[in-house]
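Summary of the model geometry
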Amino acid sequence: MKFVDLRSDTVTHPTAEMRKAMYEAEVGDDVYQEDPTIIRLEALGAQLTGKEAGLFVTSGTMGNQIAAMVHTKKSDEIICEVESHIYYYEVAGLACLSGAQARPLLGDRGILSAEQIRSAIRGIDIHVPDTGLICLENTHNRAGGTCYTKEGLAAIQEVAAANQIPIHMDGARIFNAATALAVPAAKLTCYADSVQFCLSKGLGAPVGSLLVGKRDFIEKARRFRKMLGGGLRQSGILAAAGILALTKMVDRLAEDHENARKLGYALADMGLKIDVSTIQTNIIIFDVAPTGKTAKEFAGELRANGIKVNEFGEYKIRMVTHYGVTREDIDYVIGVAARIVKG
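Looking at an unreviewed UniProt entry, one finds the chain named L-threonine aldolase and attributed to Anaerospora hongkongensis. The heading Cofactor (unreviewed entry) in the UniProt record of the chain holds the text "pyridoxal 5'-phosphate". Regarding the chain, the relevant UniProt record gives this comment under Sequence similarities (unreviewed entry): "Belongs to the threonine aldolase family."

This brings us to empty space enclosed by the protein. Evaluation of the coordinates by the stated rule reveals 1 cavity of 30 Å³ or more. Empty space within the largest cavity amounts to approximately 40 Å³. If you go around the largest cavity, the residues you meet are A172, R173, I174, F175, N176, C198, K201, G202 and L203. Per-element tally for the lining of the largest cavity: the top contributor is helix α8 (residues 174–181), with 3 residues.

Turning our attention to the nonpolar core. Core analysis: the biggest nonpolar cluster contains 50 residues, and I117, I134, L136, F175, F197 and L246 have the highest contact counts within it. Sequence-distant contacts of F197, that is, excluding residues within four places in its chain, are made with G45, T49, G171, A172, I174, F175, S209, L210, V212 and L246. In terms of nonpolar packing, the next biggest core, distinct from the first, is built from 27 residues, I284, F298, I307 and V309 among them.

Segmenting the chain into domains produces domain 1 (16–248) and domain 2 (252–342). Contact residues are listed per partner, giving 18 residues for domain 1 and 15 residues for domain 2. When domain 1 packs against domain 2, the two sides together hide about 1400 Å² of surface, and 53% of this comes from carbon and sulfur. For the interface between domain 1 and domain 2, the tally reads 0 salt bridges. Here the residues of the side of domain 1 that touches domain 2 sort into 7 nonpolar, 8 polar and 3 charged.

Cut-offs used in this document
- Residues numbered from 1 in each chain as written.
- Predicted model: local features only at pLDDT ≥ 70, side-chain atom pairs only at ≥ 80, totals over all residues.
- Heavy atoms only, no water.
- UniProt positions renumbered as here; feature names shortened; annotations may be inferred.
- 1 Å grid on protein atoms, 1.4 Å probe; cavity = no way out; pocket = protein on both sides within 12 Å on 5 of 7 lines; lining within 4 Å.
- Points joined across faces, edges and corners; volume = space filled by probe spheres on them.
- Helix = DSSP H or I, 4+ residues; strand = E, 2+ residues; numbered from the N terminus.
- Core = buried A, V, L, I, M, F, W, Y, C linked by side-chain atoms within 4.5 Å.
- Buried < 20%, exposed > 50% of the residue type's maximum accessible area, 1.4 Å probe, protein only.
- Contact = heavy atoms within 4.5 Å.
- Domains from an automatic or database assignment.
- Buried area = accessible area lost by both parts, 1.4 Å probe.
- Salt bridge = Lys/Arg side-chain N within 4 Å of Asp/Glu carboxyl O.
- Nonpolar A, V, L, I, M, F, W, Y, C, P; charged D, E, K, R; others polar.

Here it is as structure tokens:
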């Protein structure tokens, strides 16, 4: 059976052009900083985000955790959204690796306001931790792919600068945010001191993320990457796919967003509970409670018809559109979902 896999955009496969580039990649030892393909990828990532330098890391989680390690000291506090990836999905890495405590705030559909952050910054008091970092997720996974606006980011940066607190942006899907807002990614990343973004989600590369920031920040990050076992050798084989991800796959993200909107609005029309205002990018989260089924039951019926999804709670399901999911696939999913809803 052919499956339509909507579990995540992490299931994308590299393009034929990527596979060929990986086979032909010029390589060296990256720990010695001698891999020419890695060097090109890191420079390209820094250029696209308006930063001085970049560092190839194995995953978005590694990039986020290294950033926290560089920016903070033990006993600091990190402001983040309560369902942000760095807090929710990274195995308590902030506490374990940085020795920092998270200060999770409830955002509006995953988005924190400048005033919320201002109110959460600690004062001078021997009883409380120092606020060492502000972490923003853009787009926000668990909120359904919602984006920070430029205005919202500018206001947060103003608060951060006034209190001399750095900002790290978990931009795993920053190019989805840029596509949704019709701006270059650098117009969003300019408000953060460091940014992590994934090459392996909607951009289609098989492995890897980039961490970007000022040159001295990246030099410190390189040391922590080595500590965490991320000192790869002839990793230009992976970087070759990453270069094509950034040069050939960004423009097509709009197609994923269109497919998500079509699917989301169709699910809403069936009577499923979904906030269509959150469908800004390629993630859809909806509630199947009106059908009388649990998420597990609904997902099981989808899977029986060749559709893979993720359960997101007792009654919620997440679907993610991505490279490899066609408009015809979306039509098929809508048809199957409609039959399940009708019983």
